[in-house]
Amino acid sequence: MSEILKNMNEVLQSFYDGEILTTDGKDRFLMKDEKIFCYKDGTRFSLNIKDFSELYEKNRFLIYEESVEIDETKDEAYYRYYRK
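Residues numbered from 1 in each chain as written. Predicted model: local features only at pLDDT ≥ 70, side-chain atom pairs only at ≥ 80, totals over all residues. Heavy atoms only, no water.

## Some details on the pairing of strand β4 (residues 35-40)
- Of the strand pairs in this sheet, strand β3 (residues 28-32) and β4 are connected by five bridges, and their pairing is antiparallel. Note on β4: the bridge partner recorded for arginine 28 is tyrosine 39.
- Linking β3 back to β4 in an antiparallel pair, the connection comprises two residues, with aspartate 33 at a positive phi of about 55°.
- By the bridge criterion, six bridges tie β4 to strand β5 (residues 43-48) in an arrangement that is antiparallel. Residue pairing in the sheet places tyrosine 39 in a bridge with arginine 44 of β5.
- Hairpin connection between β4 and β5: a loop of two residues separates the two successive antiparallel strands, and aspartate 41 in this loop has a positive phi of roughly 50°. (Pairing = 2+ DSSP bridges. Helix = DSSP H or I, 4+ residues; strand = E, 2+ residues; numbered from the N terminus.)

## A short note on the pattern of salt bridges
- Under the criterion given, the structure shown has two salt bridges.
- A salt bridge links aspartate 24 to lysine 40, with the nearest nitrogen and oxygen atoms 3.2 Å apart. Placement of the pair is aspartate 24 in the loop between β2 (21-22) and β3 and lysine 40 in strand β4, with a sequence separation of 16 residues.
- Salt-bridge contacts for lysine 50 lead to glutamate 54; the nearest nitrogen and oxygen are separated by 3.0 Å. Taken together, the residues span about one helical turn, with lysine 50 and glutamate 54 both in helix α2 (residues 49-56) at a distance of four residues.
- Owing to a relative accessible area of 48%, glutamate 54 belongs among the partly exposed residues under this scheme. (Salt bridge = Lys/Arg side-chain N within 4 Å of Asp/Glu carboxyl O. Buried < 20%, exposed > 50% of the residue type's maximum accessible area, 1.4 Å probe, protein only.)

See below:
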């Protein structure tokens, strides 16, 4: 599980450290040029830091960690089929 950030100061510090954050694993928040960008379900919007802090101060944020899941049964079937 990703690290849960305790307050808005930790959230903002994570942005300054270059982290990508999420509230539910489906959305992404990142900071670029002193603006916070949100990406969710094919949409994108940006907020200045003050507006972001006011709107999202009650939300729980996590550091986003992209995980790659490998289905070993599909790997096994592939290599069994193509083995010569």
